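Descriptive analysis of the structure
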Amino acid sequence: MRIEEKGVRTVLHSDLNNFYASVETLRHPEFRDKPLAVFGSIEDRHGIVLAKNGLAKACGIRTGDVYWQAKKKCPDLTEVQADFSAYYAVSEQIFAVYERYTDKIEPFGIDECWLDVSDCVKYFGSGREIAERISAEIKRKFSLTVSIGVSWNKIFAKLGSDLKKPDAITEITQDNYKTLIWKLPAENLLFVGKATKEKLNKYNIFTIGDLAVADENFLCEKLGKWGVYLRRYANGKDDAPVAQKSGEKIVKSVGNSLTSYRDLVNFDEVKPLLVLLCESVASRLRQGGYGKAHTVKVTATDNLLLTHGKQDRFPVPVRNAKEICERACALFSSFYDWSAPVRAVGVSVSDFTKDGGLFDYSPQEIKNEKLEEAVDKLKEKYGSKCLQRAEILKDKRFFDMDVTGGHLVFSDDNKDNRS
Ligand SMILES: [Mg+2]
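The structure reproduced in this document is the subject of the present report. None of the values given here were measured: they were computed from a predicted structure.

Some thoughts on the overall build of the chain
Within the chain, the secondary structure is distributed over 18 helices and 13 strands. Within the chain, the proportion of its 419 residues that are buried is 51%. In the chain, 66% of the contacts between residues at least 6 apart in sequence involve partners at least 24 apart. Accessible area of the chain: about 20600 Å², with a carbon and sulfur share of 52%.

Following this line, the structure appears as structure tokens:
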């Protein structure tokens, strides 16, 4: 039976393979044939492996290994410090690909999401065909691969994307699910963590199939309602909807980063970049209606590609570029010691307070707001370079930089970090 028959949903779960490591390889083609791991921090040698490529995996490196462990397993390891702003920027572009197929997209962290494509099978073909289109498009546009699971529910779609990696499509249908997944360990099921697995094993439930046929009353007695849910999931009885994109995605921060065309050697040289960044961040804060931000974060990447940064929470929230910039400049000066020149800087704001209307603002703030809003309008009409602050004009090449892109960071509070 085709899974998209009447009344049955078609749900995909798409998972970008080795996402952070793959993005780093795209940025540094010279790393392509080397074992590579992305660390949360490498500066202090205490960072852990957040992602690795296939060659590093072959050396036995695992996500969560600490720096020295990883280096011991693989002395030739190429280590890279995570650059989340770059990953978010790519992730945003990939989500734009998904959005061409459906608006029912539920992110599961930065590199995974569910898509309910039930309404578009009539335009694009079966779930598998849609998965093939998405996979081909991501490969063509970004040189990245995905693993996609196709099923009639979220739990099995997720399981499908985990079954074959990298660059694979796995369909779990009403016809094949028993032979395909019932033999797998129970902990492969989403939501079966370590503690639940141990409990299940104690009652001789080892596989998803064992769970599917276990006595419901027994499970309820031993694991409560949760046990009943897990049994349903093992039987594909999961009707949780894929969240609609709008309203469900909560923007947690708005940020932007710029890489300079040359090394910057003092604050006067960094300042124009900070100004450009703060203007773009403030403009997006206004356009997105996110209110004001309590927290400002500044990062600086030096010419050895080490990223330094600092954030601070301010009691009085800000929204306009002038104030964000004052704080960003002060933050930058407080942490950057100029032991190396600066290659890139980033500014992001978070911790939003919803707008309470103009009453929340002082007369001076209202004046600044109005001015910046007018500038937004002019830029919209005549292009982003029609008006610039004097600092930026000091260096013609800064003036030419495009800061209209950037990254939004979405809430991923629900993500279970098992893998
Ligand atoms: Mg992934």
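Some points on the environment of Gly291
Mapped onto the elements, Gly291 comes out in the loop between helix H14 (267-288) and strand E10 (292-302). Separated by 26 residues in the primary sequence, Gly291 and Pro317 have C-alpha atoms spaced 9.1 Å apart.

Remarks on the coordination of the magnesium ion
At this site the magnesium ion is bound by Asp15 (OD), Leu16 (O) and Asp111 (OD), with donor distances of 2.1 to 2.3 Å. On the primary sequence, the residues serving as donors to the magnesium ion are separated as D-L-x94-D.

Points about the pairing of E10
With nine of its 11 residues buried, E10 lies for the most part within the structure. Pairing between E10 and strand E12 (residues 342-353): 10 bridges, direction antiparallel. Bridge pairing in E12 links Asp302 to Val342. Of the pairings in the sheet, the one linking E10 to strand E11 (residues 307-318) comprises eight bridges and is antiparallel in character. The residue of E11 that forms the bridge with Thr301 is Thr307. The hairpin turn running from E10 into E11, its antiparallel successor, is four residues long, and Leu305 in that turn takes a positive phi close to 65°.

Here we look at the packing of aromatic side chains
The full count for this structure, using the stated rule, is 24 aromatic pairs. Ring centres of Tyr20 and Phe84 lie 5.6 Å apart, and the angle between their planes is 85°; this geometry places the pair in the edge-to-face category. Residue Tyr20 is found in helix H1 (residues 19-27), and its partner Phe84 is found in helix H4 (residues 84-98); the two are separated by 64 residues along the sequence. Classification of Phe84 by relative accessible area gives partly exposed; the value is 36%. Relative to Tyr177, the ring of Phe156 lies with its centre 5.6 Å away and its plane at 40°, an arrangement referred to as tilted. With Phe156 in helix H7 (residues 154-163) and Tyr177 in helix H8 (residues 177-181), this pair connects stretches of sequence that are 21 residues apart. In this pair, the class of Phe156 matches that of Tyr177, namely buried. Aromatic rings pair up to connect Phe267, Phe332, Phe335, Tyr336 and Trp338 into one cluster. Looking at Lys154, its charged tip hangs above the ring of Trp114, at a distance of 4.9 Å from the centre.

Quick notes on the sheet that holds strand E3 (residues 49-52)
With respect to topology, three strands assemble into an open sheet ordered E3-E2-E4, the strand pairing being mixed. Edge positions in the open sheet fall to E3 and strand E4 (78-81), since each of these has one partner strand only. Across the sheet, the axes of successive neighbouring strands diverge by a mean angle of 30°, strand direction being ignored. Relative to E3, strand E2 (residues 36-39) is paired through three bridges, and the arrangement is antiparallel. Following the sheet pairing, Phe39 is matched in E3 by Val49.

What to know about the side chain of Asn235
For Asn235, the position within the fold is in the loop between helix H12 (225-234) and helix H13 (245-248). Judged by its relative accessible area of 15%, Asn235 falls in the buried class. In terms of polar contacts, Asn235 uses its side chain to reach the backbone carbonyl oxygen of Ala212, at 3.1 Å. Among residues more than four places away in sequence, those in contact with Asn235 are Trp152, Phe156, Tyr177, Trp182 and Ala212.

A few points about the pairing of strand E6 (residues 112-116)
Note on strand geometry: in a regular strand, side chains alternate between the two faces of the sheet. Among the five residues that make up E6, five are buried, leaving the element largely enclosed by the rest of the structure. The alternating pattern of E6 places Glu112, Trp114 and Asp116 and Cys113 and Leu115 on opposite faces, both of which are buried. Pairing of strand E1 (residues 11-16) with E6, which is carried by five bridges, proceeds in the antiparallel orientation. Note on E6: the bridge partner recorded for Ser14 is Cys113.

Remarks on the nonpolar core
Residues Leu12, Phe19, Tyr87, Ile94, Tyr98 and Ile138 are the most contacted members of the largest nonpolar core, which totals 38 residues. Going through the elements one at a time, E1, H1, E2, H4, E6, helix H6 (127-142) and strand E7 (146-151) are the ones with two or more residues in this core. Top contributing element to this core by residue count: H4, with eight residues. The residues touching Ile138, leaving out its near neighbours within four places in the chain, are Leu16, Ile94, Val97, Tyr98, Ser143, Leu144 and Val146.

Structural notes on the sheet that holds E1
Here we have five strands laid out as an open sheet, ordered E5-E6-E1-E7-E8, and mixed in their pairing. Because the sheet does not close on itself, it has two edges, and the strands there are strand E5 (105-107) and strand E8 (168-171). Within this sheet the neighbouring strands show an average axis-to-axis angle of 15°, counted without direction. As paired strands, E7 and E8 are joined by four bridges and run parallel to one another.

What counts, and where the lines are drawn
- Residue indices follow the written sequence of each chain, beginning from 1 at its first position.
- With the structure being a predicted model, the display of local features is reserved for residues of pLDDT at least 70 and the display and counting of side-chain atom pairs for 80 or more, all residues being used for whole-chain, interface and lining totals.
- As a rule here, side-chain values come from all non-hydrogen atoms in the structure, and water together with hydrogens is ignored.
- Helix and strand definitions follow DSSP, with helices as H or I runs of at least four residues and strands as E runs of at least two, each counted in order from the N terminus.
- Partly exposed residues are those whose accessible area sits between 20% and 50% of the maximum for their type, while under 20% is buried and over 50% is exposed, using a 1.4 Å probe and protein chains only.
- The contact definition used throughout considers only heavy atoms, calling two residues in contact when any of these lie within 4.5 Å.
- Here the accessible surface of atoms and residues is derived via Shrake-Rupley with a 1.4 Å probe, and residues count as covered only by protein chains that are part of the display.
- The donor set comprises N, O and S atoms within 2.8 Å of the metal, extended to 3.2 Å for Na, K and Ca; water molecules are omitted, so apparent gaps in a site may simply reflect that omission.
- Between any two strands, at least two bridges found by DSSP are needed for them to pair.
- Pairing of aromatic side chains requires ring centres within 6.5 Å, counting the rings of Phe and Tyr and the six-membered ring of Trp. Pairs whose planes differ by under 30 degrees are stacked, by over 60 edge-to-face, and all others tilted.
- A positively charged side chain is recorded as over a ring if its NZ (Lys) or CZ (Arg) lies within 6 Å of the ring centre. The angle to the ring normal must also be within 35 degrees.
- The axes used here are C-alpha line fits, helices contributing only the stretch in contact, and every angle between their N-to-C directions lies in the interval 0 to 180 degrees.
- Polar contacts, as used here, are pairs of N or O atoms within 3.5 Å; protein pairs need one atom able to donate a hydrogen and one able to accept it. Residues neighboring in sequence count only if both atoms are side-chain atoms.
- Nonpolar cores are built from buried Ala, Val, Leu, Ile, Met, Phe, Trp, Tyr and Cys residues. Side-chain atoms within 4.5 Å join them into one set.

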